[in-house]
Amino acid sequence: MTAFPRLLMAAIVLTVAQFGPCRGAETVRVAVQKSGTFAWELAVIRAHGLDRKADLSVQVLELASPEAGKIALRAGSADIIVSDWLWVSRERGLGARLTFYPYSSALGAVMVPAESPIRKLADLRGRKLAVAGGPIDKSWLLLQAWSKQGGIDLKSESTIVYGAPPLLTAKTLGGEMDATLNYWNFCAVLEAKGFRRLAGIEDVVLKLGATGRTAMIGYVFDENWASANQDVAARFIAMTRAAKEILATSDAEWDKIAALTGAADAATLRAYRDRYREGIPRRLIAEEEADARVLYRVLATAGGRELVGPATELDSGTFYHAIPGD
């Protein structure tokens, strides 16, 4: 942990911003990626005074990457970050008492040009497939697991190119790739340019045994913090739910945050809006956790210890169950 403060300072790209100026309000320190979707919700929270209504003062630490958020949480510089349950379970196996609450089920997809002759996964044989992240990216492993059930080994039968999401998006738009598996917001960019979805990962998880759209990412915080601040955690979740409902029902709200999303045009903004709305979690925590257990086993088999560590099952304390009504 001694290296965390130095790494954290190197990762910070903007100063800490305080909003929710209620005198005596309880402070929640949130580390967010400047370009991430959580920043959209925070803008809505601020604009509608949802923090004041929740009697919370939200202290925002804007960071350069999701990894920087993990460092901030482990270093004690943030109370809440957005990450995935796979990382939470792995960290718990290493002794950290982190816990997870669903934030979004929006997932990526395999995208191809509208006029592409590729109509099914089998058509990717012999093609160049760009994969965002790397060899143990969760969506890539899930896609491989599903394709193997149909007798297709994408890793060996296609030419795989790994890279950063923005770079692969540019290369795909430039015609250098036959198809790309990318994160949902980059897929929205391609969708706005006329690309079509060959296979959505939200559909893949159903074919692998999940019973519904599964939230892969969520709010992550320390169990000890949550135990000492159970009411604060509940009010924070209620506040963010209210922000999600505003974004789910108001198209005008998307016009207000358009600049924050970085959408280059109205078509991209609409794609962001529609895919974000589809990803708003609506299920009970028990249902989310049950599906996470199923998918964890798939990922543990496909990714091995490099991905999940020594545990073959999702840690029993991974999901947070203390929010009323869940």
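Residues numbered from 1 in each chain as written. Predicted model: local features only at pLDDT ≥ 70, side-chain atom pairs only at ≥ 80, totals over all residues. Heavy atoms only, no water.

### A look at the sheet that holds strand β11 (residues 217–222)
The condition is simple: By the convention used here, strands pair only if DSSP detects at least 2 bridges between them. Numbered from the N terminus, helices here are DSSP runs of H or I no shorter than four residues, and strands are runs of E no shorter than two. Between N-to-C directions, angles span 0 to 180 degrees; the directions come from axes that are lines fitted to C-alpha atoms, helices contributing only their stretch in contact.
Across the sheet, which stays open at both edges, the three strands sit in the order β4-β11-β5 with antiparallel pairing between neighbours. Strands with a single pairing partner mark the edges of an open sheet, and in this sheet they are β4 (81–84) and β5 (98–104). For this sheet, the mean inter-axis angle between neighbouring strands, taken without regard to orientation, is 45 degrees. In terms of strand pairing, β5 meets β11 through six bridges, oriented antiparallel. Opposite T99, over in β11, you have F221 as the bridge partner.

### Regarding the packing of helix α8 (residues 165–173) against helix α9 (residues 184–192)
To keep things clear, this is the line we draw: Under this scheme an angle from 65 to 115 degrees is roughly perpendicular, one under 35 degrees roughly parallel, and one over 145 degrees roughly antiparallel; angles in between are oblique. What makes a crossing left-handed is the near helix being turned counterclockwise from the far one by less than a right angle; a clockwise turn instead makes it right-handed. Residue contacts are defined here by distance: any two heavy atoms, one from each residue, within 4.5 Å place the two residues in contact. Following the grouping adopted for this structure description, the nonpolar residues are Ala, Val, Leu, Ile, Met, Phe, Trp, Tyr, Cys and Pro, the charged ones are Asp, Glu, Lys and Arg, and the polar ones are all others, Gly among them.
The geometry of α8 relative to α9 is characterised by a closest axis approach of 10 Å and an angle of 20 degrees between their N-to-C directions. By the angle class used here, α8 and α9 are roughly parallel. Relative to α9, the crossing made by α8 is right-handed. When α8 is examined against α9, the residues P165, P166, T169, T172 and L173 are found in contact with a partner set consisting of F186, V189 and L190. Grouping the amino acids of the contact of α8 with α9 by side-chain chemistry returns six nonpolar, two polar and no charged.

### Describing empty space enclosed by the protein
Condition: We place a 1 Å grid over just the protein atoms. Points where a 1.4 Å probe fits but has no way out form a cavity, open points with protein on both sides within 12 Å along at least 5 of 7 lines form a pocket, and any residue with an atom within 4 Å of a point lines it. Grid points are joined across faces, edges and corners, and a volume is the space filled by probe spheres set on the points.
On inspection of all chains with the given rule, the structure shows two cavities of 30 Å³ or more. Each pocket or cavity is described by its volume, and for the largest cavity that value is around 50 Å³. Together, A106, L107, W184, R197, E202, R213, R275 and E278 line the largest cavity. For the lining of the largest cavity, the per-class residue count stands at three nonpolar, no polar and five charged. By volume, the second largest cavity is sized at about 40 Å³. Going through the elements one at a time, α2 (37–48) and β5 are the ones with two or more residues in the lining of the second largest cavity. Each residue belonging to the lining of the second largest cavity can be placed in one class, and the counts come to five nonpolar, three polar and two charged.

### Here's the deal with the layout of surface pockets
For the largest pocket, the calculated volume is near 1,600 Å³. Surrounding the largest pocket, 47 residues form its lining, Q33, P66, K138, Y183 and I217 being those nearest its centre. A per-class count over the lining of the largest pocket returns 25 nonpolar, 15 polar and seven charged.

### Describing the sheet that holds strand β6 (residues 109–112)
Working definition: the strands of a sheet are paired by backbone hydrogen bonds and lie parallel or antiparallel to each other. Strand order across the open sheet formed by five strands is β8-β7-β9-β6-β10, with mixed pairing between neighbours. Only two strands of the sheet have a single neighbouring strand rather than two, namely β8 (159–163) and β10 (196–200). Within this sheet the neighbouring strands show an average axis-to-axis angle of 25 degrees, counted without direction. As defined by bridge partners, β6 adjoins β10 across four bridges and the pair is classed as antiparallel. Considered in β10, the bridge of A109 is made with G200. Where helix α6 (residues 138–149) meets the sheet, its contacts fall on β6, β7 (128–132), β8, β9 (179–182) and β10, and the angle it forms with β9 comes to roughly 120 degrees.

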